[in-house]
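# Summary of the model geometry
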Amino acid sequence: MTVSLEVAEGVGTLRLDRPPMNALDIATQDRLKELAEEATRRDDVRAVVIYGGERVFAAGADIKEMQNMDHAGMVRRARALQDSFTAVARIPKPVVAAITGYALGGGCELALCADFRIAADNAKLGQPEILLGLIPGAGGTQRLPRLVGPSRAKDLVFTGRQVKADEALTIGLVDRVVPAAEVYEQAHAWAAKLAQGPAIALRAAKESVDTGLETDIDTGLAVERNWFAGLFATEDRERGMRSFVEEGPGKAKFL
């Protein structure tokens, strides 16, 4: 399998495994969607790490496969391509990308689907599709400007240049840069910590933030308001408030 889902301690690792560069061919895209949906359904998965291995995250789409597609073929495929990445973005649980080596094209777009990105100090990210006479097709023109702003996104998309880890951190494309040997360990630790948290409240927080970024503020506030009130019906809210009153802040156990 080119993608696997391994679960331990509440953390599901979506592991890309298509040597040598984890090129995202159609089979890998479809498998990614399938496993993202599985991670969404499974109660034992409370947070997710996306990982491509020690050497590379994902160097992009399979260009040889794409070269043989005509306009009609890509019209039929483009929606499925986007849907595979959207399935990752809509996992209603905390998701962190553990980025080693290259995260280019579709690889960068996959990292953009995470809530948090931890990169190796030797990582390189970018959207080089313009160098093929194309534009990003798996969400890059939409998720990238929402993350780093339109001007910086246009710089990356227009030029196709690769961004080293330190610049990626500066512009907000990644959230943390660590030694390459520590990327997965730190990503798993981030996910494991959140896996201990209140699952429904985390889902509410993620949906509220993401919806607010995609719509007007009044709609976003309505989503926030409805979730905020709804959480008063959960056991986690009762447990959290009781612990706060009896033991002080930050001591509630939600599992």
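Before reading on, note that the structure itself is shown above.
A brief look at the structure comes next. Note that this is a predicted model, so its numbers are computed, not measured.

Spanning 13 residues, helix H8 (residues 183–195) covers 18 Å between terminal C-alpha atoms, matching the ideal 18 Å at 1.5 Å per step. Those residues of H8 not exposed but buried are Val183, Ala187, His188, Trp190, Ala191, Ala192 and Ala195. Elements that come into contact with the buried residues of H8 comprise strand S1 (3–8), strand S2 (11–16), strand S3 (47–51), strand S4 (95–99), strand S6 (116–120) and strand S9 (176–178).

Strand order in the open sheet formed by three strands is S5-S7-S8, and the pairing between neighbours is mixed. Here the strands that pair on one side only, and so sit at the sheet edges, are strand S5 (102–104) and strand S8 (162–164). Averaged over all adjacent pairs, the angle separating strand axes in this sheet is 20°, with direction ignored. Two strands pair when backbone bridges link them, and strand S7 (residues 124–126) and S8 are joined in this way by three bridges, in the antiparallel orientation. In the sheet register, Lys124 faces S8, and the bridge partner there is Lys164.

All right, on to the sheet that holds S4 then. One open sheet accounts for six strands, arranged S1-S2-S3-S4-S6-S9; its pairing is mixed. Unpaired on one side and paired on the other, S1 and S9 mark the two borders of the sheet. Across the sheet, the mean angle separating the axes of adjacent strands is 20° when strand polarity is ignored. Bridge analysis of S3 against S4 gives four bridges, and the strand direction is parallel. For Val49, the partnering residue across the bridge sits in S4 and is Val96. Helix H1 (residues 26–41) contacts S1, S2 and S3 of the sheet and is inclined by roughly 25° relative to S1.

Relative to S2, S1 runs antiparallel, the two sharing six bridges. Pairing of Leu5 across the sheet is with Leu14, part of S2. With antiparallel pairing between neighbouring strands as the criterion, S1 and S2 make up a hairpin whose turn holds two residues, including Glu9 at a positive phi of roughly 55°.

Applying the stated rule across the entire model yields three aromatic pairs. Centre to centre, the rings of Tyr51 and Tyr184 are 4.7 Å apart; their planes meet at 35°, and the pair counts as tilted. In this pair, Tyr51 sits in strand S3 while Tyr184 sits in helix H8, placing the two residues 133 residues apart along the sequence. Using a relative accessible area of 11% as the deciding quantity, one classes Tyr51 as buried. Accessibility expressed as a relative area gives 26% for Tyr184, which makes it partly exposed.

Between two packed helices, both the angle of their axes relative to each other and the distance between the axes serve to describe the pair. It is at 8 Å that the axes of helix H9 (residues 199–214) and helix H10 (residues 217–230) come closest, and there the two elements cross at 170°. Here H9 is positioned roughly antiparallel relative to H10, judged by the angle of their axes. Residue-level inspection shows Ile200, Arg203, Ala204, Glu207, Ser208, Thr211 and Gly212 of H9 in contact with H10, the latter providing Gly220, Val223, Glu224 and Trp227. Here the residues of the contact of H9 with H10 sort into four nonpolar, four polar and three charged.

Let's shift gears to the packing of helix H5 (residues 140–148) against helix H6 (residues 150–159). Viewed as axis vectors pointing N to C, H5 and H6 meet at an angle of 135°, and their least axial separation amounts to 7 Å. It follows from the interaxial angle that H5 and H6 lie oblique. Considering only the axes of H5 and H6, their crossing is right-handed. Of the residues in H6, those touching H5 at Leu144, Pro145 and Val148 are Pro150, Arg152, Ala153, Leu156 and Val157. A breakdown of the residues in the contact of H5 with H6 according to their chemical character gives seven nonpolar, no polar and one charged.

The rules behind each value
- Residues numbered from 1 in each chain as written.
- Predicted model: local features only at pLDDT ≥ 70, side-chain atom pairs only at ≥ 80, totals over all residues.
- Heavy atoms only, no water.
- Helix = DSSP H or I, 4+ residues; strand = E, 2+ residues; numbered from the N terminus.
- Expected span 1.5 Å × (residues − 1).
- Buried < 20%, exposed > 50% of the residue type's maximum accessible area, 1.4 Å probe, protein only.
- Contact = heavy atoms within 4.5 Å.
- Pairing = 2+ DSSP bridges.
- Axes fitted to C-alpha atoms, helices over the stretch in contact; angles between N-to-C directions.
- Phe/Tyr/Trp six-rings, centres within 6.5 Å; stacked < 30°, edge-to-face > 60°.
- Parallel < 35°, antiparallel > 145°, perpendicular 65-115°, else oblique.
- Nonpolar A, V, L, I, M, F, W, Y, C, P; charged D, E, K, R; others polar.
- Left-handed = near helix turned anticlockwise from the far one by under 90°.

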